[in-house]
Structures are given as C-alpha cells and as structure tokens.
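Residues per chain, in single letters:
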Amino acid sequence: MKVLVLPGDGIGPEIVPPTMEVLEAADGAFRLGLAFETTEIGLAALARQGTTLPQAVIDRIPEVDGVILGPVSHYEYPPRTQGGFNPSAELRVRFELFANIRPSRSREGLHYLRAPMDIILVRENTEGFYSDRNMYAGSGEFMPDADNAFSIRKISARGCERVARTAFEIARGRRRKVTAVHKANVLKLSDGLFLREVRKVAAEFPDVELDELIVDATAAALIRRPDAFDVIVTTNMFGDILSDEAAELSGSLGLGGSLNVGHDIAVAQAQHGSAPDIAGRDVANPTSLILSAAMLLDWRGRRDGNDAMIAAAAGIDSAVERVLDDPATRTRDLGGSLGTAEFTARVVASLRGESRITAGQN
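Description of the structure in this document. Note that the structure is predicted; figures quoted are calculated from it, not measured.

## Looking at the packing of helix H7 (residues 215-224) against helix H8 (residues 236-249)
- Put simply, H7 and H8 touch, their axes get as near as 10 Å, and they point 10° apart. The pairing of H7 with H8 is recorded here as roughly parallel in orientation. Side by side, H7 and H8 meet where Val215, Thr218, Ala219, Leu222 and Ile223 of the first sit next to Phe238, Leu242, Glu245 and Leu249 of the second.
- Split into classes, the residues belonging to the contact of H7 with H8 amount to seven nonpolar, one polar and one charged.

## Digging into the nonpolar core
- In this structure, Leu297 and Ile316 are the most contacted members of the largest nonpolar core, which totals 71 residues.
- Top contributing element to this core by residue count: helix H9 (residues 287-304), with nine residues.
- Excluding anything up to four places from it in sequence, Leu297 contacts Met1, Leu23, Leu32, Leu34, Met309, Ala312, Ala313 and Ile316.
- Within the second largest apolar cluster, 17 residues are counted, among which are Leu6, Tyr77, Phe95 and Ile265.

## Some thoughts on the pattern of salt bridges
- Per the counting criterion, the structure on display carries 30 salt bridges.
- Taking the shortest distance from any N to any O, the salt bridge between Glu212 and Arg199 comes out at 2.7 Å. Of this pair, Glu212 sits in strand S9 (residues 209-214) while Arg199 sits in helix H6 (residues 190-202), and the two are 13 residues apart along the sequence.
- Taken together, the shared-partner salt bridges connect Arg102, Arg123, Asp240 and Asp244 into one network.

## Remarks on unusual backbone geometry
- For Glu96, which is not glycine, the phi torsion reads 50° and is therefore positive.
- Here Glu96 shows up in the loop between helix H4 (87-94) and strand S4 (99-105).

## Focus: a nonpolar patch on the surface
- On the surface, Met135, Phe142, Phe150 and Ile152 cluster together to form a nonpolar patch covering roughly 340 Å² of accessible area.
- Tracing the chain through its elements places Phe142 in strand S6 (residues 141-145).

## Notes on the pairing of strand S8 (residues 177-182)
- Where burial is concerned, most of S8 is hidden: six out of the six residues are buried.
- Here S8 shows two buried faces, one formed by Lys177, Thr179 and Val181 and the other by Val178, Ala180 and His182.
- Two elements, S8 and S9, share six bridges in a ladder whose sense is parallel. Of the residues in S9, the one forming a bridge with Ala180 is Glu212.
- Each parallel crossover has a hand, and the one from S8 via H6 to S9 is right-handed.
- Pairing of S8 with strand S10 (residues 231-234) involves three bridges; the strand directions are parallel. By the bridge assignment, Ala180 is partnered in S10 with Val233.

## Comments concerning the side chain of Asp240
- Structurally, Asp240 is set in helix H8.
- We classify Asp240 as buried; its relative accessible area is 18%.
- A distance of 3.3 Å separates the side chain of Asp240 from the side chain of Arg102, its partner in a polar contact.

The rules we used
- Residues numbered from 1 in each chain as written.
- Predicted model: local features only at pLDDT ≥ 70, side-chain atom pairs only at ≥ 80, totals over all residues.
- Heavy atoms only, no water.
- Axes fitted to C-alpha atoms, helices over the stretch in contact; angles between N-to-C directions.
- Helix = DSSP H or I, 4+ residues; strand = E, 2+ residues; numbered from the N terminus.
- Parallel < 35°, antiparallel > 145°, perpendicular 65-115°, else oblique.
- Contact = heavy atoms within 4.5 Å.
- Nonpolar A, V, L, I, M, F, W, Y, C, P; charged D, E, K, R; others polar.
- Core = buried A, V, L, I, M, F, W, Y, C linked by side-chain atoms within 4.5 Å.
- Buried < 20%, exposed > 50% of the residue type's maximum accessible area, 1.4 Å probe, protein only.
- Salt bridge = Lys/Arg side-chain N within 4 Å of Asp/Glu carboxyl O.
- Patch = residues over 30% accessible without salt bridge, like charges linked within 9 Å, V, L, I, M, F, W, Y side chains within 5 Å.
- Areas by Shrake-Rupley, 256 points an atom, 1.4 Å probe, with all protein chains shown as cover.
- Pairing = 2+ DSSP bridges.
- Right-handed = clockwise from strand over helix to strand, strands pointing away.
- Polar contact = N/O pair within 3.5 Å; in protein donor to acceptor, adjacent residues only side chain to side chain.

Here it is in structure tokens:
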C-alpha cells in the first residue's frame, strides 16, 4: 500500500511522524507492505514553490492507495491568486471526497456526558455553506458594496444522495439507525432537497431506521441523550460543528478521527486544526491523526478484501484505547503528563504487545 504523507502546518509536522511510527509498527506486526512518500504542502511549499498545494501533489494522489493530510493553517494563507490554496478544501472538491466520516465515542474518565456515546457522523464534504468550494468559477462569497456581504449555500441532489448512501451503508453494519440532521423549518428549499434525497435512499434500506431532527435540537440531544444516536448524516457546516461538539464531549477534539472518502480515493485528516500556538513544544496530542490513519487502513482493507489491513486498523484503535484508559499515560490536554513523543511510544508498545498476543493465539 502506497501512502502519500502531507505534513502540513503548525503541529502537523509534529503529529504526522508519530502517526507514521504507529503505522510502521502496524506494518511490521501485520505485514501490510506499507510504503510512505512524504511531500511538503502549506506554508513550507509556499515559501519554496510559490503555492501551498503544488501540482505534483495533485498529480500524485490518484496514483497512491491513500493519503495522510496533516493540519493546515489556511487562515494564514495569501489569496489564491498568490498561491494560497486550502489543501483540505481543494482535495475534497477536486477528487470528489464527498463524505467526511467522523466517529465519536465516550471514554471512562474523559467524557462530559450523561449517557454513553458511540456515534459516527457522516458529513457532506464538498458544498453546503462553505462558499469557497461552491462555484465552478469565482467565489460563492461576495460584497456588492462596502456594507453588504453575501454567501451562497449550495445543496445538490447528487451530493445529498452520495452522503446519505454512505451513512446508510455504515449504519447497516452497526445499530441500524440513521438520524438526518437539518434546518428545513427555515431552509425550506435547500434542506428540503437534502431530506428528499435522504428519504429516497432510506427506501432502499428498509432494515435501517430513519429519524429526522433539527440541528439545534441535535446539538442539545448530543449532551442530554447521546445514546439515542447511531449514525448521523447532515450537510457540510452542520456536520463540521456537530462532530466537533461530539468529539469535545467525548473528552477532547484531539480524540476525533476523520476520513474523507470518495469512490476511489480516501484522505485521512485530523479533525482538529493546526494549533500553531503549541507547535514545537512536544505537547500536541497525536490521537486524532493516528485514529484517522487507522480508518484509512480499514477503508483500504475493505475495498481490497485485505483482512490484514482491517485487523491492523482494529489493532491500532485498541492500542490507543488501552493507553488512554490509564490516566497516567494520557497527554497533557487530557489531564495526563505525557508529551507527543512519549505518548506515541506507549501506543507503539501497546500495539506490538497486542500483535504478539494475537500471533500466539493463531
């Protein structure tokens, strides 16, 4: 499996190497045949190549089996005309990575919930309120005069159908319930279209329950009764906000895995941002990107029928959970004392220990 690694900005160059350490340990334990290729993007690429997203990176992505994308500081980038492209948005739109899959689950001693949570949020990834990716040419955000600003929300039947289908396929392998989150009481046309397409897909999955809930009620229910949810499907901005809420309720935004998927390409990406304020201090929590990389292995394994990939993904997930279970081996943002490097070493040791046990059982 060829993996393209894009470290990014801020803490990206600090959490990407630990993620690769964990993948290398999984490679050795499960004989995956992983091969890594690292290329610069973001501010480093801008300084040397005049663009935050070199064409060589774009050309390479369809040729590899998966991508690991570190956080990017796109808020600091210059305009697109000066080479400031948001790699996250560009890859999602260019390669039609239409679904952003974000799991969240509560962990003993870490969560802030009234009841256990184990959800997967499936977020439409290429349109919605994100006006920077809604137009064929030009921007979906504009100012006709100095005192008025407009932003175009795009909702397409195709985009809704694809993300809904992804959600129902995931739910069929879990507790068989999908909650479609919307604001159709106000956004009657755009969210009405979203619900129309979700209901069409639901008709093809009679074994999966469909519930519909307004977004503000969902935000409250995630706190009050998180165990009522299984898989949530929603539009881009609602999904971004709700998944961050769910991750924080589970203990930290640094615990949220995230995978951007299309029909043939997947990009693992930490759910959080680049956190430049803590860069270079060995305090960044690498869990989000490690879990995202495990999701990439699982996606590839299921596509290719590779049981070793699927087992490796499960092994990484279990190793992370064992380290997080012990308050003494948590990172500082979770109340522990470990830095980035030491936490990674504990995960690698846990993973290697589990692989030896599994091999002995076989």
